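# Observations on the three-dimensional arrangement
One letter stands for each residue in the lines below.
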Amino acid sequence: MKIKHISAILLGIFSYFLIHFVLLGYGNQVAHPAINEVIVKSFENNFIKSSSKIDKFKNYWIDISEGLEKYLGMAVTNLGFFEGTTGETELSIKALEWIKHGGMAADEPEVPASVRHFYDPIGNNGGKKYLTNRGTYWEGIYSNPRTDAIEWALGDTPKGQENIYTWREGIYYMRIALMEEDSVERNKYFAAALRCLGETLHNTGDMGCPGHVRNDSHASPIGYTFGAVLGSPDPYEELFKKSWASDYGYAKPDPTLESYFKSATTARAINEKLAEFTNANFFTHESISGLGKFGNEITPINKNEPAYPSPKLETLEYSESDYTYYKTFPSGRRIKMCKDFTYFRLDGRGYPYIDYDVCKSQAEELMPNIAAAGANIIRLFIPQFKLELKNTDALSDTLELTIKHTVDAEHKDEIFYNGPVKFIVNSKFVDSVYQAKDGKLIITNLKANNGDKIQAQISFIEVTVYSEIITYTKDPLWGTWYLLETLTDSNDPQAPAKGTEFRATKFYKIKNDGKIEIYNSQGTLESRMNYTRTGLSFSITASSATQGYSQTGTISATQDSWSSTVNSTYKRNEGGVDKDYFRKYNSNGNRKPI
C-alpha cells in the first residue's frame, strides 16, 4: 500500500514535469518576447512614424522601443511548473522590457498556463473552444480547467478573472496610474499595466499559431526529434525560430485582416479574428485532412476528433517536383502547407506531414498577421487624450489647460489625469514642470511673451501627447516689473534733488475695460488708470481736479524691459492759493531686479 502511494506521488511529479513540455507555444523564454518586440515596433511604424496618422494619434509621439525610463514592478524571476515552484521579485526595467517580459510570464507557472492557452474558434469538439484533446495517455492526470486562451488572456469572463495579469487588469492599472498623483505609486501601476499588455500580446501570438487554435494537444516531453515516443509534438511549435519574428513580421499582412484589425474596437474581436484566420487556413500535423493527389482520402491522425472543414488538401495546389501542397494567399504569398514525400513507397508519396521547410514558409504568412493584430491591440490599449490649451483672455497671463479623455469600448471609465505637464515656448522646454489636477491646470506664471508660440504636453510610458500650438496673447505689460525711476525735472521746491532714483516692485494687471491696475509687492492696489497700447508703444494716463498723470513708453522687442517718460502734475494749496507743480521722471521697467 505504501509502495503504491509513493508510486502515485512519483507519477504525479513526473506528469507535472512532462506536461510543461506538452502545450507551450513557441517557447516562452525566446520566441514570445521576440514576437512582442516585433509587435511594438510594428505599432510604432504603422501608427506613429507613418506619414498618415489616424485621428487618435494625431498629436501623439510614442517610442516604446527606444524608451529609457524604468518602471518598478513584480516580475517572474524563478520559472517553474506550477504555483509552488515559481517566484516573483521586484524588477525595475524599461517599458519594452516589461512588454517582452509579459510575453514570457504568460506561460508561468507552466503547467496551469499550458492547458489554458488553446482557443478553437469553431468549437470543433461539441462547441467547446477550450482544449479537450489529449495527445497521450498520461495527460489526463492533470485536471482540465475548461478555460479557453482568449478568456484567460482578457479576463472578461469569471474563469478568465482568475488570471491576475489580464487585458482587463491592464486597462485598470493604466487608468489608476494616470489618476495617481504620487510618482512612485504611478510608476508601479505603469509596470503592472505593461506586463498585462505583454501577456495579452502573448495570446495574440498564440492566435497566429496553428497549434493553439485547433483542438490538438501536442505533447513534446523530450523535444521534437524523438517526441513521438512520449507525446505528439507539433512541428510549427517546436521548429519555430526566434529570427522568423523579425524576418517576416514587418511584411504586409493579409489585406482583409489588416482592414478588420484597424476598425476593431475590442481586443477580443482582434484575437478572435486572427484565430479564425489561422484555424481556417493552416493544418497542424495531426489535423491534416482531405483528398490527396490521387483522390485518396486523408483523415486526421487525431482519430477521436472531427476533421476540420478547412483547409482541405483538394483545395490546394500540388507541386509534383517537390511533393508539396501550396496555397496562395490574398497577401500574394505562396505558402507551403504540407508535404507527402516518403522513401517507403515506389511513387514517393506517403501520409502528408509538416517539416521545417513548411514551418518556415507558414511563418511568412502568419507573422505579418500577428504583428498587425498586436499593433492594433496596442492601439486600443493606449487611452485617447486631447489637450486643449487656451488663454483665459487676450490680456492676462493666465493659461488654462484641459486634458480630456475619450471613453471607448475598452477604456469605459473616464480618466481624470493627475500628473506632470510640461510647456514648450518657441520650441524650447520651460524649466518648470506643472501638475494637473483632475484633468485641469491653470497657470499664471509661465515665462512667455506676447506672440510666443506655446504648446503643452503630458507623458506616460513613452507616450507623449501634445496640445495644438497657440499664440500667447498676453498684453506685454502684464505681470511683475522691477522699476527704476529717476527724477529729471520739477518746479516744486519740496521735490528731491534732480537725479534722485526711486526703486519699486509693481504688478501690472491689464483689464478688459481699457484700464490698468498697479499693485505693490504686498498685493495692495495702488492705482487704476487708463491704458492704451499700439504694438510695443504704450500710454498710461489719469486725471482729476487736482492731479494729472501721463506716462508714455516703449516695450523692448524681447518684452522683458521698457523705458518711458512720466509727467506728474498736481496742485498744492499754499496760503489759501492753489499752486501748480510738476515732476518729470525717466521710468524704466525690467523683468529682473534692477
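We now turn to the structure provided with this report.

### Quick word on the overall build of the protein
The helix and strand inventory of the protein stands at twelve helices and 26 strands. Against the globule reference of 25 Å for 594 residues, the protein gives a C-alpha radius of gyration of 36 Å, more extended than a compact globule. Taken over 594 residues, the protein has a buried fraction of 52%. Within the protein, counting contacts between residues at least 6 apart in sequence, those at least 24 apart form 60% of the total. Each charge sign in the protein was given a centre, from 66 positive and 73 negative side chains, and these centres are 4 Å apart.

### A short note on the sheet that holds strand β11 (residues 399–406)
Note on sheets: strands pair through backbone hydrogen bonds, and any given pair is parallel or antiparallel. The sheet built from three strands is open, its strands ordered β10-β11-β15 with antiparallel pairing. The open sheet has two edge strands with one neighbour each: β10 (384–391) and β15 (440–443). The sheet shows a mean angle of 15° between the axes of neighbouring strands, direction not considered. Of the pairings in the sheet, the one linking β10 to β11 comprises eight bridges and is antiparallel in character. Residue pairing in the sheet places L387 in a bridge with I403 of β11.

### Some words on the packing of aromatic side chains
If you walk through the whole model with that rule in mind, you get 27 aromatic pairs. Ring geometry for F57 versus Y60: centroids 5.1 Å apart, planes at 70°, classification edge-to-face. Among the residues examined, Y60 registers a relative accessible area of 2% and is labelled buried. A cation over an aromatic ring shows up here: R214 above the ring of Y308, its NZ or CZ 4.3 Å from the ring centre. For the cation-ring pair, K273 lies above Y260, with the distance from its terminal atom to the ring centre recorded as 4.9 Å.

### Here we look at the sheet that holds strand β23 (residues 537–543)
In spatial order, the strands read β19-β20-β21-β22-β23-β24-β25-β26; together these eight strands close into a barrel with antiparallel pairing. Taking each pair of neighbouring strands and ignoring which way they run, the sheet shows an average axis angle of 30°. For strand β25 (residues 561–574) and strand β26 (residues 577–590), the ladder comprises 14 bridges, and the chain directions are antiparallel. Its bridge partner being in β26, S563 is matched across the sheet by N588.

Cut-offs applied
Residues numbered from 1 in each chain as written. Predicted model: local features only at pLDDT ≥ 70, side-chain atom pairs only at ≥ 80, totals over all residues. Heavy atoms only, no water. Helix = DSSP H or I, 4+ residues; strand = E, 2+ residues; numbered from the N terminus. Rg over C-alpha atoms; globule rule 2.2 N^0.38 Å. Buried < 20%, exposed > 50% of the residue type's maximum accessible area, 1.4 Å probe, protein only. Contact = heavy atoms within 4.5 Å. Lys, Arg positive; Asp, Glu negative; His and termini not counted. Charge placed at Lys NZ, Arg CZ, Asp CG, Glu CD. Pairing = 2+ DSSP bridges. Axes fitted to C-alpha atoms, helices over the stretch in contact; angles between N-to-C directions. Phe/Tyr/Trp six-rings, centres within 6.5 Å; stacked < 30°, edge-to-face > 60°. Lys NZ or Arg CZ within 6 Å of the ring centre and 35° of its normal.

Scope: geometric values only; no functional claims are made or implied.
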